[in-house]
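# Secondary and tertiary structure notes
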Amino acid sequence: ICQLAFLGQIITRAGLHIPGDIDTAGDAFDSYPNGLAALFGPDSIPTDGKLQIIFFIGFLELFIMKDVKGDGDFVGDFRNGLLDFGWDSFDEETKLSKRAIELNNGRAAMMGILGLMIHEQIGGTFPIVGEM
């Protein structure tokens, strides 16, 4: 989640938004502010939109992202026999190495998005990200 949040923060701050309208009233995706201002403030996403996001995440948590068959190789293994991408062909040492790399990338993304959120509240200009 944090990897997606960090990437989304960088991409939208670079000025790239999904083209088109977000609702039938004609509000464009780029008409909403970036970062925390999209959730809180005068120009934020309407309450109905926030509720849709929360319900969609709840649906994914309750019905999609779980070990349905109970045969996951490790905690958090939600493949359910569908997506393999060659995982079963790796030896145990390679699997442990890849899992450790992914955990470290997730931790780095947590620190990255936390830093972006803090600097957004502080304000200022930063390389690559630009005006906060």
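Residues numbered from 1 in each chain as written. Predicted model: local features only at pLDDT ≥ 70, side-chain atom pairs only at ≥ 80, totals over all residues. Heavy atoms only, no water.

What follows is about the packing of aromatic side chains. For the structure on display, the rule yields two aromatic pairs. Plain terms: the ring middles of Phe-59 and Phe-63 are 5.4 Å apart, the flat faces sit at 45° to each other, and that makes the pair tilted. One end of the pair, Phe-59, and the other, Phe-63, are both in helix α2 (residues 47-64), four residues apart, so they sit about a helical turn from each other. Owing to a relative accessible area of 53%, Phe-63 belongs among the exposed residues under this scheme. With a centroid separation of 6.1 Å and 90° between ring planes, the pair formed by Trp-87 and Phe-90 is classed as edge-to-face. Directly above the aromatic system of Phe-90 lies the positively charged group of Lys-98, at a separation of 5.1 Å from the ring centroid. (Phe/Tyr/Trp six-rings, centres within 6.5 Å; stacked < 30°, edge-to-face > 60°. Helix = DSSP H or I, 4+ residues; strand = E, 2+ residues; numbered from the N terminus. Buried < 20%, exposed > 50% of the residue type's maximum accessible area, 1.4 Å probe, protein only. Lys NZ or Arg CZ within 6 Å of the ring centre and 35° of its normal.)

To continue, consider the pattern of salt bridges. Overall, the coordinates contain two salt bridges when judged by the stated rule. Taking the shortest distance from any N to any O, the salt bridge between Glu-120 and Arg-13 comes out at 3.5 Å. Residue Glu-120 is found in helix α3 (residues 92-122), and its partner Arg-13 is found in helix α1 (residues 2-13); the two are separated by 107 residues along the sequence. The salt bridge involving Lys-95 is made with Glu-92; its shortest N-O contact spans 3.8 Å. (Salt bridge = Lys/Arg side-chain N within 4 Å of Asp/Glu carboxyl O.)

A word on α3. Counted at 1.5 Å a residue, the expected span for α3 with its 31 residues is 45 Å, and the 45 Å between its end C-alpha atoms agrees. Those residues of α3 lying buried are Lys-95, Gly-106, Ala-109, Gly-112, Ile-113, Leu-116 and Glu-120. If you follow the buried residues of α3, they end up packed against α1. Backbone geometry just downstream of α3 places Gly-123 in the positive-phi region, at approximately 95°. (Expected span 1.5 Å × (residues − 1). Contact = heavy atoms within 4.5 Å.)

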